[in-house]
Amino acid sequence: MTDPVEPDRLPGAPHPRETAELFGQSAAETRFLEAAASGRLHHAWLLTGPAGVGKATLAWRIARHLAAGTPTLQMPADHPVFRQAAALASPQIFLCRRPWDDKTERLRTAITVDEIRALKTFFQLSAADAGWRVAIIDSADEMTGSAANALLKILEEPPARAVLLLVSHRPAALLPTLRSRTRELRCAPLAPA
């Protein structure tokens, strides 16, 4: 179920999880696919670049790819995994973002340690069909200090067949220890065309 207001949705635009196409990031997609094809996929990726270039869309493409085991990141919108991900109903994909607060009827201002604890619980579940479990943190820039430290513990002892995708507009503001435990996947600025 989606929140009444989603912190990772731009007004007037489809959510990145509902977007099938990604423009201008073929180099980043190729780097990820080469890493996946090598058989030694890193457990944590830091997707960086300016706001609005497609980092979150790329994260969702990677998550769907790993959940479905497809050979490319391209997936039609009518694919069952695409539909599950769009509905936030995939048992293999977890979204960590600022939560909606029912008491104040507003979005919280940060990703708190409670959201990271829920992420840890997700990783403790067994993956369906021994497949990948994927978590997207959007945006990692919004974590509190306690949340960042809790995430660091997960990164220090990563679960088997699990991938974390951290979306960040300002990676230099993240804890250096977090950055050192991730592999950066830089999304380039978009050309006018």
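Relevant structure appears above.
Asks: Describe the nonpolar core, naming the residues involved and giving the relevant values.
Replies: The biggest cluster of nonpolar side chains holds 30 residues, and the ones touching the most others in it are Trp-45, Leu-58 and Leu-165. Of all elements in the fold, only helix 1 (26–37), strand 1 (44–48), helix 2 (55–68), helix 3 (80–86), strand 2 (93–96), strand 5 (133–138) and strand 6 (162–168) reach the threshold of two or more residues within this core. With seven residues, the top contributor of residues to this core is helix 2. The residues touching Trp-45, leaving out its near neighbours within four places in the chain, are Phe-32, Ala-35, Val-163, Leu-164, Leu-165, Leu-166, Thr-182, Arg-183 and Leu-185.

Asks: Go over the packing of helix 4 (residues 113–124) against helix 5 (residues 145–156), please, and point to the residues and values.
Replies: Contact geometry of helix 4 with helix 5 gives a least axis separation of 8 Å together with a crossing angle of 20°. In this view, helix 4 runs roughly parallel relative to helix 5, as classed from their interaxial angle. Two packed elements cross with a definite hand, and for helix 4 against helix 5 that hand is right-handed. The segment helix 4 lies against helix 5, with Val-113, Ile-116, Leu-119, Lys-120 and Phe-123 engaging Ser-146, Ala-147, Ala-150, Leu-151 and Ile-154. Here the contact of helix 4 with helix 5 is built from residues that sort into eight nonpolar, one polar and one charged.

Asks: Pulling in residues and values, what's your account of the sheet that holds strand 2?
Replies: With respect to topology, five strands assemble into an open sheet ordered 2-5-6-1-7, the strand pairing being parallel. The open sheet has two edge strands with one neighbour each: strand 2 and strand 7 (183–186). The mean inter-strand angle of the sheet, taken between neighbouring strand axes irrespective of direction, is 20°. On top of the sheet, helix 2 reaches strand 1, strand 2, strand 5, strand 6 and strand 7; it is set at about 170° to strand 6, its chief contact. Seen against the sheet, helix 4 touches strand 2, strand 5 and strand 6 and runs at an angle of roughly 170° to strand 5.

Asks: Let's hear about the environment of Ser-38: which residues, and what values?
Replies: Along the chain, Ser-38 turns up in the loop between helix 1 and strand 1. Polar contacts involving the side chain of Ser-38 include one to the main-chain carbonyl oxygen of Ala-35, which spans 2.6 Å.

Asks: Break down the packing of aromatic side chains for me, citing the residues and quoting the values.
Replies: Given two aromatic rings, their pairing is described by the distance between the two centres and the angle made by the two planes. Counting across every chain of the model gives three aromatic pairs. On the basis of an interplanar angle of 65° and a centroid distance of 5.1 Å, the ring pair of Phe-32 and Trp-45 is categorised as edge-to-face. Of this pair, Phe-32 sits in helix 1 while Trp-45 sits in strand 1, and the two are 13 residues apart along the sequence. On the basis of an interplanar angle of 50° and a centroid distance of 5.3 Å, the ring pair of Phe-122 and Phe-123 is categorised as tilted. For the residue pair Phe-122 and Phe-123, the accessibility class agrees, reading buried in each case.

Asks: Please set out the side chain of Arg-98 residue by residue, giving values where relevant.
Replies: Its place among the elements puts Arg-98 in the loop between strand 2 and strand 3 (100–101). Here Arg-98 falls in the buried class, since its relative accessible area comes to 16%. Within the structure, the side chain of Arg-98 is placed 3.0 Å from the backbone oxygen of Arg-108, a separation counted as a polar contact.

Asks: Report on helix 5, specifying residues and quantitative values.
Replies: Taking 1.5 Å of rise per residue, the 12 residues of helix 5 would be expected to cover 16 Å, and the 16 Å separating its terminal C-alpha atoms lies within 8% of that figure. Residues of helix 5 that are buried: Ala-147, Ala-148, Ala-150, Leu-151, Leu-152, Ile-154 and Leu-155. As for helix 5, its buried residues are in contact with strand 1, helix 4, strand 5, strand 6 and helix 6 (176–180).

Asks: Please provide a residue-by-residue account of the packing of helix 1 against helix 2, values included.
Replies: One can describe the packing of helix 1 onto helix 2 by two numbers: an axis separation of 11 Å at closest approach and a directional angle of 30°. Overall, the two elements helix 1 and helix 2 adopt an arrangement that is roughly parallel. Of the two possible hands of crossing, helix 1 and helix 2 adopt the one that is right-handed. Contact with helix 1, carried on its side by Ala-28, Glu-29, Phe-32 and Leu-33, involves Leu-58, Arg-61, Ile-62, His-65 and Leu-66 of helix 2 and no other residues of that element.

Asks: Requested: an account of the pattern of salt bridges, with residues and values cited.
Replies: By the definition in use, this model includes 10 salt bridges. Ionic contacts of the salt-bridge type, sharing partners, join the residues Glu-6, Asp-8, Arg-9, Arg-17, Glu-18 and Arg-97 into one network.

About the criteria used
Residues numbered from 1 in each chain as written. Predicted model: local features only at pLDDT ≥ 70, side-chain atom pairs only at ≥ 80, totals over all residues. Heavy atoms only, no water. Core = buried A, V, L, I, M, F, W, Y, C linked by side-chain atoms within 4.5 Å. Buried < 20%, exposed > 50% of the residue type's maximum accessible area, 1.4 Å probe, protein only. Helix = DSSP H or I, 4+ residues; strand = E, 2+ residues; numbered from the N terminus. Contact = heavy atoms within 4.5 Å. Axes fitted to C-alpha atoms, helices over the stretch in contact; angles between N-to-C directions. Parallel < 35°, antiparallel > 145°, perpendicular 65-115°, else oblique. Left-handed = near helix turned anticlockwise from the far one by under 90°. Nonpolar A, V, L, I, M, F, W, Y, C, P; charged D, E, K, R; others polar. Pairing = 2+ DSSP bridges. Polar contact = N/O pair within 3.5 Å; in protein donor to acceptor, adjacent residues only side chain to side chain. Phe/Tyr/Trp six-rings, centres within 6.5 Å; stacked < 30°, edge-to-face > 60°. Expected span 1.5 Å × (residues − 1). Salt bridge = Lys/Arg side-chain N within 4 Å of Asp/Glu carboxyl O.

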